[in-house]
Amino acid sequence: PYQWPQGLAEAYRGVHFVWAQELSWSGHNSDWLLPNRIYEGSYFGALSLCVAGTETGKAVAERHLGHVLADSQHQTLIHFVRNLDRKEVMEKQRVLLSRPISDFVANADEARNLVQRVLSVRKPDTESVELQGTQK
């Protein structure tokens, strides 16, 4: 267990990779979400591992955050690990750690703008909606 965000540095210390792929809803939510792990791990220099054909895989590839595996089969991961090049891993981590913090952390203005956009979405007027068997 750790406290967020204070415990993240300790959690990622000495970690070269983070499994960034959510697989519990493959074919649905898992295919399009972007988990926090790609941002948190990258911030601390952990390269993301994920699966091709997902939004996570697309983001990791486009943003050069780690490695995209062809599939989620354990044999694929074993092959990847057995063929790691230590110098390549260290160089990718160095490049990741040299990137601006803004690549991984939203500043106060960005967070405020996001909240304003969410709050500006019009909700249906629940006062005027009658439920079956009830009256206003």
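Preceding block: the structure.
Only a predicted model underlies this, so the values are computations on that prediction, with no experimental measurement involved.

> Summarise the nonpolar core; cite the residues concerned and give the values.
Core analysis: the largest hydrophobic core is formed by 10 residues, namely Ala20, Ile38, Leu47, Cys50, Ala59, Val60, Leu65, Val89, Leu96 and Phe104. For this core, the secondary-structure elements that each account for two or more residues are β2 (47–51), α4 (55–63) and α6 (86–98). Contacts of leucine 65, omitting those with residues within four sequence positions, involve Ile38, Ser42, Ala46, Leu47, Ser48, Ala59, Val60, Leu96, Arg99 and Phe104.

> I'd like to hear about the packing of aromatic side chains, residue by residue, with values.
Both the distance between ring centres and the angle between the ring planes are used here to describe each pair of aromatic rings. Under the criterion given, the structure shown has three aromatic pairs. Taking 5.7 Å as the distance between ring centres and 80 degrees as the angle between the ring planes, the aromatic pair formed by phenylalanine 17 and phenylalanine 80 counts as edge-to-face. Of this pair, phenylalanine 17 sits in strand β1 (residues 17–19) while phenylalanine 80 sits in helix α5 (residues 74–82), and the two are 63 residues apart along the sequence. The exposure class of phenylalanine 17 is partly exposed, given its relative accessible area of 21%.

> Requested: an account of the pattern of salt bridges, with residues and values cited.
For the structure shown, the criterion picks out five salt bridges. With a closest N to O distance of 2.8 Å, arginine 112 and aspartate 109 form a salt bridge. In this pair, arginine 112 and aspartate 109 are both assigned in helix α7 (residues 108–119), three residues apart and thus about one turn of the helix distant. Residue classification places arginine 112 among the partly exposed positions, given a relative accessible area of 48%.

> Tell me what's going on with the sheet that holds β1, and back it up with residues and numbers.
Two orientations exist for strands paired in a sheet by backbone hydrogen bonds: parallel and antiparallel. The parallel open sheet is built from three strands, whose spatial order is β1-β2-β3. On the outer flanks of this sheet lie β1 and β3 (66–69), each paired with one strand and no other. Going from strand to strand, the sheet's axes swing by 25 degrees on average, the running direction of each strand aside. Two strands pair when backbone bridges link them, and β1 and β2 are joined in this way by three bridges, in the parallel orientation. Along β2, the bridge assignment pairs tryptophan 19 with leucine 49. On the sheet, α5 packs against β1, β2 and β3 and is oriented at approximately 140 degrees with respect to β3.

> An account of unusual backbone geometry is requested, with residue identities and associated values reported.
Here the bond from tryptophan 4 into proline 5 is cis, since omega is -5 degrees, no more than 30 degrees from zero. Structurally, proline 5 is set in the segment before α1 (8–12). With a phi close to 55 degrees, histidine 64 is a non-glycine residue in the positive phi region. Position of histidine 64 relative to the elements: it lies in the loop between α4 and β3. Judged by its relative accessible area of 63%, histidine 64 is exposed.

Criteria and cut-off values
Residues numbered from 1 in each chain as written. Predicted model: local features only at pLDDT ≥ 70, side-chain atom pairs only at ≥ 80, totals over all residues. Heavy atoms only, no water. Core = buried A, V, L, I, M, F, W, Y, C linked by side-chain atoms within 4.5 Å. Buried < 20%, exposed > 50% of the residue type's maximum accessible area, 1.4 Å probe, protein only. Helix = DSSP H or I, 4+ residues; strand = E, 2+ residues; numbered from the N terminus. Contact = heavy atoms within 4.5 Å. Phe/Tyr/Trp six-rings, centres within 6.5 Å; stacked < 30°, edge-to-face > 60°. Salt bridge = Lys/Arg side-chain N within 4 Å of Asp/Glu carboxyl O. Pairing = 2+ DSSP bridges. Axes fitted to C-alpha atoms, helices over the stretch in contact; angles between N-to-C directions.

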